[in-house]
Amino acid sequence: MANTNGMQSAPLKFSKMISEAEIAKRVKELGAEITALCQKESVIAVCVLKGSFVFYSDLVRAIEADVKSEFLGTASYGNAMQSSGEVKLTLDLTTSIEGKTVLLVEDIIDTGLTMDFLTKTLAARKPKKILTCSLLFKPDALKVDFKPDYVGFKIPSDFVIGYGLDYQGFYRNLPYIARVESLN
Ligand code: IMP
C-alpha cells in the first residue's frame, strides 16, 4: 500500500481473517445488545483511542437509544508486535463519571493490561459501574484475570491489522481484519 505522497507503508504479508460483512453483522448485534442496556440506564460510551476509532464509530451508530460519547487515549505498544507491558493514559475524559455507567469500547484485548489499567484507574473516580466491550478478544494471550462484558470475536493470539488496528501506525484504514503472516 502506498500513500498519496508515494510513501511506502510498513511492508507486511497479511491475509483476510474477518470480512467487512462479518464485522458489520456482528457490530449490529452488539449495537442491539447495548441499545437494550442504554434503554435501562444512562450510559457513557468511551472510545479507547487510538485503535477503536473505527469500531466505535460503527458501534455508536448501531445503538438506537441515547448514549453519551467520550474519548480516552492509551498507549501500550511501541512499534513492536508485542505488548510493552506498560500502559499510559495519553488523553483523559472531559467529564465526571461519578455515579455513571461507563462502557469502555476497545478494539482488541490481548494481554488485558490496558483494560485492567483503565478499569482500575476509572474505578477510583467512583462510577456506578464499568462495563467493557471489545471487538476482538485473544483469550489465550491474557496476562491478567479479565473478562469483557461484550465481545465481537474471539481470535487466536495472532497479530492482526485493519479496521482501526495498526502496525507502526499503518493499516488502520484497511476495511477488514487481517492476520499478519510475516514481515517481507
Ligand atoms: P493489551 O493491553 O495487551 O490487551 O493490548 C491492548 C492494545 O494493544 C490494543 O488496544 C491495541 O492497540 C494493541 N494490540 C494488541 N494486540 C494487537 C494486534 O494484534 N494488532 C494491533 N494492535 C494490537
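Up top is the structure.
Residues numbered from 1 in each chain as written. Predicted model: local features only at pLDDT ≥ 70, side-chain atom pairs only at ≥ 80, totals over all residues. Heavy atoms only, no water.

Some remarks on the overall build of the protein
Inclusion rule: Only DSSP runs of H or I reaching four residues or more are called helices, and only runs of E reaching two or more are called strands; each is numbered from the N terminus. Three labels apply to residues, based on accessible area from a 1.4 Å probe with only protein chains included: buried if under 20% of the type maximum, exposed if over 50%, partly exposed otherwise in between. It only takes one pair of heavy atoms within 4.5 Å for two residues to be counted as in contact.
Counting secondary structure elements, the protein contains three helices and nine strands. Put simply, the protein runs from its N terminus to its C terminus through helices and strands in the order β-α-β-α-β-β-β-α-β-β-β-β. In the protein, buried positions account for 48% of the 184 residues. Taking the intrachain contacts of the protein between residues at least 6 apart in sequence as the baseline, contacts between residues at least 24 apart amount to 68%.

Focus: helix 1 (residues 20-40)
The condition is simple: Given a helix with a known number of residues, its expected span is that number minus one, times 1.5 Å.
Between its first and last C-alpha, helix 1 extends 30 Å over 21 residues, near the 30 Å set by a 1.5 Å rise per residue. Of the positions making up helix 1, those classed as buried are Ile-23, Arg-26, Val-27, Leu-30, Gly-31, Ile-34, Thr-35, Leu-37 and Cys-38.

Examining the packing of aromatic side chains
Threshold: Note on aromatic contacts: the rings of Phe and Tyr and the six-membered ring of Trp form a pair at centre separations within 6.5 Å, being stacked when their planes are under 30 degrees apart, edge-to-face when over 60 apart, and tilted otherwise.
Overall, the coordinates contain three aromatic pairs when judged by the stated rule. Each ring, one from Phe-14 and one from Tyr-171, has its centre 5.4 Å from the other, and the planes form 75°; the classification is edge-to-face. With Phe-14 in strand 1 (residues 12-18) and Tyr-171 in the loop between strand 8 (160-161) and strand 9 (177-183), this residue pair connects regions lying 157 residues apart in the sequence. With relative accessibility at 29%, the residue Phe-14 sits in the partly exposed group. Judged by its relative accessible area of 5%, Tyr-171 is buried.

Description of helix 3 (residues 113-123)
Regarding helix 3, the residues found buried are Thr-114, Met-115, Asp-116, Leu-118, Thr-119 and Leu-122. Tucked into the core, helix 3 has its buried residues touching strand 2 (43-49), strand 3 (68-75), strand 4 (88-91), strand 5 (101-109) and strand 6 (129-137).

Things to note about the environment of Ala-62
Among the structural elements, Ala-62 can be located in the loop between helix 2 (53-61) and strand 3. You can call Ala-62 buried: its relative accessible area is 16%. Sequence separation between Ala-62 and Ala-32 is 30 residues, and the spatial gap between their C-alpha atoms is 7.0 Å. In contact with Ala-62, other than residues within four places in its own chain, are Val-27, Lys-28, Gly-31, Ala-32 and Thr-35.

Digging into the sheet that holds strand 5
Let me state the cut-off plainly: When DSSP locates at least two bridges between a pair of strands, those strands are taken to pair. Whenever a helix is involved, its axis is fitted only over the stretch in contact; in every case the axis is a line through C-alpha atoms, and angles between N-to-C directions fall within 0 to 180 degrees.
Spatially, six strands are ordered 4-3-2-5-6-7 in an open sheet, and the strand pairing comes out mixed. Each edge of the sheet is formed by a strand with only one pairing partner; in this case those strands are strand 4 and strand 7 (150-154). The average angle at which neighbouring strand axes cross in this sheet is 30°, direction not considered. Sheet analysis places strand 2 next to strand 5, joined by five bridges and oriented parallel. Bridged to Val-46 within strand 5 is Leu-104. Here helix 3 sits on the sheet in contact with strand 2, strand 3, strand 4, strand 5 and strand 6, set at roughly 165° to strand 5.

Fair warning: the whole summary comes from geometry, so function is off the table for now.
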